[in-house]
Structures are given as structure tokens and as C-alpha cells.
Amino acid sequence: VYDADVLAITDDDIIAKFHNGVRNIACVSLQIGLPSLASVRHSLANGYKNVLSIALGTDLVFEQCRELKELLENPDALAAALAASSAPAGGDAKDDT
């Protein structure tokens, strides 16, 4: 006999269980090499990573890796890009009081 609290299931609980099941299906599909609807996104991302690593290791250049390859070949441009991304947004803050 179960306690009455078992019946107090919310929509969020059901959605969380569903997401957990989909994640498990994707993990099993990726591990055994069987494509499924749940694992397609991960398969595409892994394929892109493989193509990108080949392009960066060779002279192969395609549109999606051109900027990354240029940054890796020019350390000064990479340092400038990193400095620009870590700069605070909004510019100089002036106090008008």
C-alpha cells in the first residue's frame, strides 16, 4: 500500500521524468551507434567537431571554419579577440552627479 503523497504529482514532475527518459534513449543510441530521433542533434554536433578538427589540422578551409582558422594562425588577432570579449559592456561609465 502506497502513501497518499504518491498521487501528488505535478506537471513539472512528469516533464522532468520524460526529459530523463529522452536523455537515456539518446545516450544508449549514441553508445551503440544506432541513430534515433533523440540522438540526431548530438550526432550532428559530433560530426561537425570531427570535420572541424580535420580542417584545422590540414589546409582544408570551408566557410564555417575560416574565422577560427585565421584566429589560430594569428596569435595577435586571437589575443585581441579575447581582450574584446572580456571587456565590460557599456563602455566608460561616467558619473553625472
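Before any of the text, the structure's been laid out above.
Numbering of residues starts from 1 in every chain and runs along the sequence as written. Note on the predicted model: pLDDT of at least 70 is required for a residue's local features to be given, and 80 or more for side-chain atom pairs to be given and counted; whole-chain, interface and lining totals, by contrast, use all residues. Heavy atoms throughout the structure, all of them, feed into the side-chain values; hydrogens and water do not.

**Thoughts on the overall build of the protein**
In plain terms, the rule: To qualify as a helix, a DSSP run of H or I must reach at least 4 residues; to qualify as a strand, a run of E must reach at least 2; elements of each kind are numbered from the N terminus. Based on C-alpha atoms, the radius of gyration is set beside the globule rule, defined as 2.2 Å times the residue count to the power 0.38. Buried, partly exposed and exposed residues are distinguished by accessible area as a fraction of the type maximum, computed with a 1.4 Å probe on protein chains only: under 20%, between the cut-offs, and over 50%, respectively. The method behind every accessible area is Shrake-Rupley, applied with a 1.4 Å probe, and residues are considered shielded solely by the protein chains displayed. Just so you know, the count uses Lys and Arg for positive and Asp and Glu for negative, and it drops His and the chain ends. In plain terms, the charge of a residue is placed at NZ if it is Lys, CZ if Arg, CG if Asp and CD if Glu.
When helices and strands are tallied, the protein shows four helices and zero strands. Ordered by position in the sequence, the α and β elements of the protein form the string α-α-α-α. Against the globule reference of 13 Å for 97 residues, the protein gives a C-alpha radius of gyration of 24 Å, more extended than a compact globule. For the protein, the spread of C-alpha atoms along the principal axes amounts to about 70 × 60 × 15 Å. In the protein, which comprises 97 residues, the proportion classed as buried is 9%. When the accessible surface of the protein is summed, it comes to about 8,500 Å², and 60% of that surface belongs to carbon and sulfur atoms. Side chains of the protein give 7 positive and 14 negative charges; the mean places of these two sets differ by 8 Å.

**Quick word on a negative patch on the surface**
Keep this limit in mind: Within this analysis, patches are made of residues with over 30% relative accessible area and no salt bridge. Like charges are joined at 9 Å or less; nonpolar side chains (Val, Leu, Ile, Met, Phe, Trp, Tyr) at 5 Å or less. Just to be clear on terms, a salt bridge is a Lys or Arg side-chain nitrogen sitting within 4 Å of an Asp or Glu carboxyl oxygen.
Together, Asp59, Glu67, Glu70 and Glu73 line one region of the surface with negative charge. In this structure, Glu73 sits in helix α3 (residues 66-73).

**Concerning the pattern of salt bridges**
Under the definition given, this model contains one salt bridge. Note that Glu63 is salt-bridged to Arg66, the shortest N-O span being 3.8 Å. Overall, the relative accessible area of 59% leaves Glu63 in the exposed class. A relative accessible area of 37% means that Arg66 is categorised as partly exposed.

**Observations concerning the side chain of Ser29**
Which entries qualify depends on this criterion: Side-chain atoms alone can form a polar contact between residues adjacent in sequence; in general such a contact is a pair of N or O atoms within 3.5 Å, and within protein one must be able to donate a hydrogen while the other accepts it. Note on contacts: a residue pair qualifies if any of its non-hydrogen atoms lie within 4.5 Å across the two residues.
When you line up the elements, Ser29 lands in helix α1 (residues 11-32). A relative accessible area of 9% places Ser29 in the buried class. Among the polar contacts listed, one links the side chain of Ser29 to the side chain of Ser36, at a separation of 3.0 Å. Apart from the residues lying within four places of it in its own chain, the contact partners of Ser29 are Leu34, Ser36 and Ser39.

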